[in-house]
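The chain contents come next:
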Amino acid sequence: MQTGAFYGWAHLAVAAAYIAVAAHCWIAVRRGGDLLLSGLFGVLFPLAVIGHGALLAQDVFGTGGLRFGFAQALSATFLVACALLWIEGFFVALGGLYALITPMAAVSVVLPLAFHGVALAAEGSSLALRVHLGVSVLAYSLFTIAALHSVLMTSIDRYLHQPSRDASGSIGPLLSQMPSLLALESLLFRQLAAGFLLLTASLASGIIFSEELFGRPLRFDHKTLFAIIAWCVFAGLLVGRYAFGWRGRVAQRWLFVGFLMLLLAYIGSRFVFEVVLGRVWV
């Protein structure tokens with residue numbers, strides 16, 4: 001079998017593993033089972049994450065240089081998000097989040113097959129650029145988990161106030177897998193604080209070392225603008241939380257606005273340039 005065909009099937013196999021994990025999660029959650037003690041989940045999920053990491057490394061570094069684009073960024077974001085969620089799951093029961101994030105990870109793992117990204121021959125050899133991209137991906141991943149975390153909290157809150165709306169009985173069993181909303185909210189803001197520190201480091205390194213990282217002085221383009229707006233939104237959210245006690249819907253609105261700005265800053269912009277406009281953009 002040719003190498004290209006092998007890697008193509010490997011991507012599909014990892015995606016299928018994520019889908020199997022998602023299906024298992026929903027079944028276990030509806031039955032009130034414990035995911036961490038499940039043999040299938042305990043083996044298949046870490047294997048999917050490891051396989052995802054190996055394939056992403058081939059997608060990004062397989063040509064000898066560095067190839068990166070919106071598909072690789074999205075794949076890396078969900079890889080790290082799944083890895084962090086798996087580790088977090090040993091300490092907090094978060095069955096619902098697994099069921100939300102694994103289908104998205106399944107889509108992200110196959111995207112590099114269709115969208116190969118941009119080769120960064122000169123810049124790709126720079127350790128500084130690789131560290132910058134790594135920090136940025138970690139920040140994206142934490143904010144992605146936080147956004148999905150918030151969606152799940154919203155669903156649980158609506159169920160608690162209007163349990164009759166859950167006609168299918170899908171949220172009730174989910175509650176048995178989740179801590180209290182107060183505990184989830186504390187965890188959410190710890191994720192946001194960690195993501196904000198990483199985003200700050202990413203922006204600072206990009207601004208201060210732009211010429212070393214990208215081979216040109218800093219350009220104040222739409223990517224920079226959206227990233228700065230996202231940083232301001234998350235800074236305002238954290239200040240509002242710890243200074244004024246923001247919580248609930250107010251905090252969630254700020255979170256979703258900041259997350260949208262962050263998506264537009266890099267992954268959304270790259271998608272428009274690479275797919276819609278068919279142009280190379282670094």
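Residues numbered from 1 in each chain as written. Predicted model: local features only at pLDDT ≥ 70, side-chain atom pairs only at ≥ 80, totals over all residues. Heavy atoms only, no water.

Regarding the pattern of salt bridges
Here's step 1: Evaluation of the coordinates by the stated rule reveals two salt bridges.
Here's step 2: With a shortest N-O distance of 3.3 Å, Glu-185 and Arg-241 are connected by a salt bridge. With Glu-185 in helix α7 (residues 181-208) and Arg-241 in helix α9 (residues 222-244), the pair connects residues that are 56 residues apart, well separated along the chain. Considered together, Glu-185 and Arg-241 belong to a single accessibility category, that of buried residues.
Here's step 3: With a closest N to O distance of 3.3 Å, Arg-247 and Glu-185 form a salt bridge. Pair noted here: Arg-247 is in the loop between α9 and α10 (248-276) and Glu-185 is in helix α7, with a separation of 62 residues, a long-range link.
Here's step 4: Put simply, Glu-185, Arg-241 and Arg-247 are held in one network by salt bridges that share partners. (Salt bridge = Lys/Arg side-chain N within 4 Å of Asp/Glu carboxyl O. Helix = DSSP H or I, 4+ residues; strand = E, 2+ residues; numbered from the N terminus. Buried < 20%, exposed > 50% of the residue type's maximum accessible area, 1.4 Å probe, protein only.)

Looking at the confidence of the model for the chain
Here's step 1: Residue-level pLDDT values for the chain average 79, and 74% of them are 70 or greater.
Here's step 2: The lowest-confidence element of the chain is helix α6 (residues 172-175), averaging 59 in pLDDT; the highest-confidence one is α9, averaging 90. (pLDDT = per-residue confidence, 0-100.)

A closer look at the packing of aromatic side chains
Here's step 1: Summed over the entire model, instances satisfying the criterion amount to four aromatic pairs.
Here's step 2: With a centroid separation of 4.0 Å and an interplanar angle of 10 degrees, the aromatic rings of Phe-143 and Phe-234 are classed as stacked. Of this pair, Phe-143 sits in helix α5 (residues 127-161) while Phe-234 sits in helix α9, placing them 91 residues apart in sequence. Both residues of the pair, Phe-143 and Phe-234, belong to the buried class.
Here's step 3: Here Trp-246 and Trp-254 contribute two aromatic rings whose centre-to-centre distance is 5.0 Å and whose plane-to-plane angle is 50 degrees, an arrangement assigned as tilted.
Here's step 4: Just above the ring of Phe-189 sits the side chain of Arg-241; from NZ or CZ to the centre is 4.4 Å. (Phe/Tyr/Trp six-rings, centres within 6.5 Å; stacked < 30°, edge-to-face > 60°. Lys NZ or Arg CZ within 6 Å of the ring centre and 35° of its normal.)

Focus on a nonpolar patch on the surface
Here's step 1: A surface patch of nonpolar side chains, amounting to about 300 Å² of accessible area, comprises Val-43, Leu-47 and Ile-50.
Here's step 2: Mapped onto the secondary structure, Val-43 falls in helix α2 (residues 39-61). (Patch = residues over 30% accessible without salt bridge, like charges linked within 9 Å, V, L, I, M, F, W, Y side chains within 5 Å. Areas by Shrake-Rupley, 256 points an atom, 1.4 Å probe, with all protein chains shown as cover.)

Structural notes on the packing of helix α3 (residues 70-88) against α5
Here's step 1: Their axes nearest at 8 Å, the elements α3 and α5 cross at an angle of 65 degrees. Handedness of the α3/α5 crossing: right-handed. On α5, the residues that touch Ala-76, Thr-77, Phe-78, Val-80, Ala-81, Leu-84 and Leu-85 of α3 are Val-137, Leu-138, Tyr-140, Ser-141, Leu-142, Thr-144 and Ile-145.
Here's step 2: Along the lines of polarity and charge, the residues of the contact of α3 with α5 split into eleven nonpolar, three polar and no charged. (Axes fitted to C-alpha atoms, helices over the stretch in contact; angles between N-to-C directions. Left-handed = near helix turned anticlockwise from the far one by under 90°. Contact = heavy atoms within 4.5 Å. Nonpolar A, V, L, I, M, F, W, Y, C, P; charged D, E, K, R; others polar.)

Comments concerning the nonpolar core
Here's step 1: Of all hydrophobic cores here, the largest spans 71 residues; its most connected members are Tyr-18, Phe-45, Phe-68, Ile-101, Phe-143, Leu-192 and Phe-234.
Here's step 2: Put simply, the parts of the chain that give this core at least two residues each are α1 (3-31), α2, α3, α4 (95-114), α5, α7, α9 and α10.
Here's step 3: The greatest single-element share of this core, amounting to 13 residues, is contributed by α5. (Core = buried A, V, L, I, M, F, W, Y, C linked by side-chain atoms within 4.5 Å.)

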